[in-house]
Amino acid sequence: MKVNKVCVVGLGYVGLPLACLLAKKGFETFGLEKDERKVNLINQGELPFKGREPGLRELLLEVVTNGRLVAGNNPEVLTHADAVFICVDTPINDNRMPDTSSLESAIADVARRLRRDVLVCVESTLPPKTMNKKIIPILEALSDFRLGKDFYVVYSPERIMPGNAIESLLKNPRIIGSNDTDSSSIAVELYSSIVEAPIYTTDFLTAEIVKTVENAYRDVQIAFANEIALACEELGADVYEVRRLVNTSPHRSMHLPGSGVGGHCLTKDPWLLISSLEENSPRLIPTARSINNSMPKHLAALAIEALSEAGVEFDKAKITIFGLAFRGDIGDARNSPAFDVIDALANAGELIVHDPYADPIDRITFTRNVDDALIGSDCAIFVADHTEYARFDLERMSALMKTRIIVDGRNLFDARECRRKGFIYKGIGKGK
Ligand code: SAJ
């Protein structure tokens, strides 16, 4: 079956880079997106989000200019697609249970407009069993077609790294889950036209487990690093030096401790995995989540300790928080540790947050100007590791700040050098 026209449903951090690459490879690509603001920006060749995304801005402008990519919000375009990619959000609710409502409504939109021989590729991260229990039944019930006979479906979980979307789309190996060989072979051929890395095929359930496990794995690894960081603070060692030497031992790969785990993958995917279990109740995975969620509060406690050591009254202190984004050099602040740091310091005299990429928040003063952030500040807390922060000049910070305190959540500074320059320095995992 020849694929010429494709439709990508959901033009977020995953769908937009995918749509651009498909258009670049020559497919007539339609991006179906509910958010009018995003649709208009994309059709003008503008990225709807900030932060470094090497190559994406140029690629978007190219494929919009040459007409290969068009965005819109009318689901009727689905009737012309030979292949449909579903890249919508699968969040968890306040009870940490999956909310697949937007996914199911996107699937229903597709099912009602499904033509014979169309390939549906679901990319959203799913709780295991969702393909068999929800997605296929909806597609068959609303289309009156039968999977593998009248249309084709695969589950190919996205493995995009925000901040390096194009590179990770091209270079990260792909898993393609299916329940029939025709769907699998059509999808392997299609993905091979955009993915330059190996493609592994398996069944729906295995693919769903793989995606949620690969992120639960990373979250547990980070929690281990954070636990060792707290131990090193007490023991008076530098956890980053400990990590460097631990990783000289074969088969060790200790992750980086830090101010916490944000984003939309690691904070959610472990819960998607657990939500599908009825008999087993994992203990390690939830414990890792709680360790990682405790780190922003620990970072705030280090700041309170430093202010007290400096004799600065907390309720009169001006505190600067550097890094609203959940990770360095991107603008995405979803589930950022910074929000918990802000909450923990809410009773300070004055709070100001700086970020070069993330959108301003209205609950505290926000600036993109480093000097404004530092002037009169009693404490500079570094939550995200934006590259520019590691280049800050300590002399200039000294001149601008009222009290010289650095609280380092991402090992951005050399403790000895800061202390030599007269700063009180505290850092995650950096024992005295
Ligand atoms: N973090 C640490 N220590 C580490 C690594 C990360 O504290 O050693 C923190 C980061 O600061 C951030 C959070 O964890 O707050 C998540 O970081 P991340 O690098 O995992 O970035 P994400 O959330 O964008 O994860 C995505 C995931 N990709 C998908 O789910 C498709 C993840 O599987 C990838 O491993 C990750 O990108 C990546 O970096 O490749």
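Residues numbered from 1 in each chain as written. Predicted model: local features only at pLDDT ≥ 70, side-chain atom pairs only at ≥ 80, totals over all residues. Heavy atoms only, no water.

Visitor: Is there a simple way to think about the overall build of the protein chain in this case?
Guide: Looking only at helices and strands, one finds 16 helices and 14 strands in the protein chain. For 432 residues, the compact-globule estimate of 2.2 N^0.38 gives 22 Å, and the protein chain sits close to it at 24 Å. By its C-alpha atoms, the protein chain is 75 × 50 × 40 Å across when sized along the principal axes. Classification of the 432 residues of the protein chain by burial places 54% in the buried group. Considering only residue pairs separated by 6 or more positions, the protein chain has 71% of its internal contacts joining residues 24 or more positions apart. Of the roughly 18,700 Å² of accessible surface on the protein chain, 50% is carried by carbon and sulfur atoms. The average position of the 51 basic charges and that of the 60 acidic charges among the side chains of the protein chain differ by 2 Å. (Helix = DSSP H or I, 4+ residues; strand = E, 2+ residues; numbered from the N terminus. Rg over C-alpha atoms; globule rule 2.2 N^0.38 Å. Buried < 20%, exposed > 50% of the residue type's maximum accessible area, 1.4 Å probe, protein only. Contact = heavy atoms within 4.5 Å. Areas by Shrake-Rupley, 256 points an atom, 1.4 Å probe, with all protein chains shown as cover. Lys, Arg positive; Asp, Glu negative; His and termini not counted. Charge placed at Lys NZ, Arg CZ, Asp CG, Glu CD.)

Visitor: Sorry if this is basic, but what is going on with the layout of surface pockets here?
Guide: Approximately 360 Å³ is the volume attributed to the second largest pocket. Taken together, 19 residues line the second largest pocket, and the ones lying closest to its centre are V261, T267, R289, N293 and N335. Within the residue set of the lining of the second largest pocket, elements represented by two or more residues are α11 (284-309) and α12 (337-344). With 4 residues, α11 is the single largest residue contributor to the lining of the second largest pocket. Tallied by class, the residues present in the lining of the second largest pocket amount to 7 nonpolar, 7 polar and 5 charged. (1 Å grid on protein atoms, 1.4 Å probe; cavity = no way out; pocket = protein on both sides within 12 Å on 5 of 7 lines; lining within 4 Å. Points joined across faces, edges and corners; volume = space filled by probe spheres on them. Nonpolar A, V, L, I, M, F, W, Y, C, P; charged D, E, K, R; others polar.)

Visitor: How should I be thinking about the nonpolar core in this particular structure?
Guide: Burial of nonpolar side chains together is a common tendency in soluble globular proteins. Counting residues in hydrophobic clusters, the biggest one holds 44 residues, and the most contacted among them are L69, F85 and L119. Sorting elements by how many residues they give to this core places helix α1 (residues 15-24) first, with 7 residues. What L69 contacts, discounting residues up to four positions off in sequence, is A19, C20, A23, T29, G31, I42, L60, V63 and V64. Residues A300, V353, A358 and F366 belong to the second largest nonpolar core, which totals 39 residues. (Core = buried A, V, L, I, M, F, W, Y, C linked by side-chain atoms within 4.5 Å.)

Visitor: Where do I start with the pairing of strand β4 (residues 83-86) in this structure?
Guide: Looking along a regular strand, one sees side chains alternate from face to face of the sheet. Along β4, one buried face is formed by A83 and F85 and the opposite face, lined by V84 and I86, is buried too. Here strand β1 (residues 5-9) runs beside β4; their pairing, made up of 4 bridges, is parallel. Residue pairing across strands places V6 opposite A83, the latter belonging to β4. Here β4 pairs with strand β5 (residues 119-122) via 4 bridges, running parallel. If you follow F85 over to β5, its bridge partner there is C121. (Pairing = 2+ DSSP bridges.)

Visitor: What is the right way to look at the site of the ligand in this model?
Guide: Residues in close proximity to the ligand total 19 residues, the closest being N215, R218, L256, G262 and F326. Within the contact set of the ligand, a nitrogen atom lies 3.3 Å away from a backbone nitrogen or oxygen of I160. Between the ligand and R327, the relevant distance is 3.0 Å, taken from an oxygen atom to a side-chain nitrogen or oxygen of the residue. Relative to its unbound accessible area of 730 Å², the ligand is 87% covered by the protein chains. Here the shell around the ligand is composed, by residue class, of 9 nonpolar, 4 polar and 6 charged. (Near = heavy atom within 4 Å. Polar contact = N/O pair within 3.5 Å; in protein donor to acceptor, adjacent residues only side chain to side chain.)

Visitor: Would you mind showing me how to read a nonpolar patch on the surface here?
Guide: Together, L205, I209, V213 and Y217 give the surface a local cluster of nonpolar side chains, amounting to about 320 Å² of exposed area. Position of Y217 relative to the elements: it lies in helix α8 (residues 204-235). Judged by its relative accessible area of 47%, Y217 is partly exposed. (Patch = residues over 30% accessible without salt bridge, like charges linked within 9 Å, V, L, I, M, F, W, Y side chains within 5 Å. Salt bridge = Lys/Arg side-chain N within 4 Å of Asp/Glu carboxyl O.)

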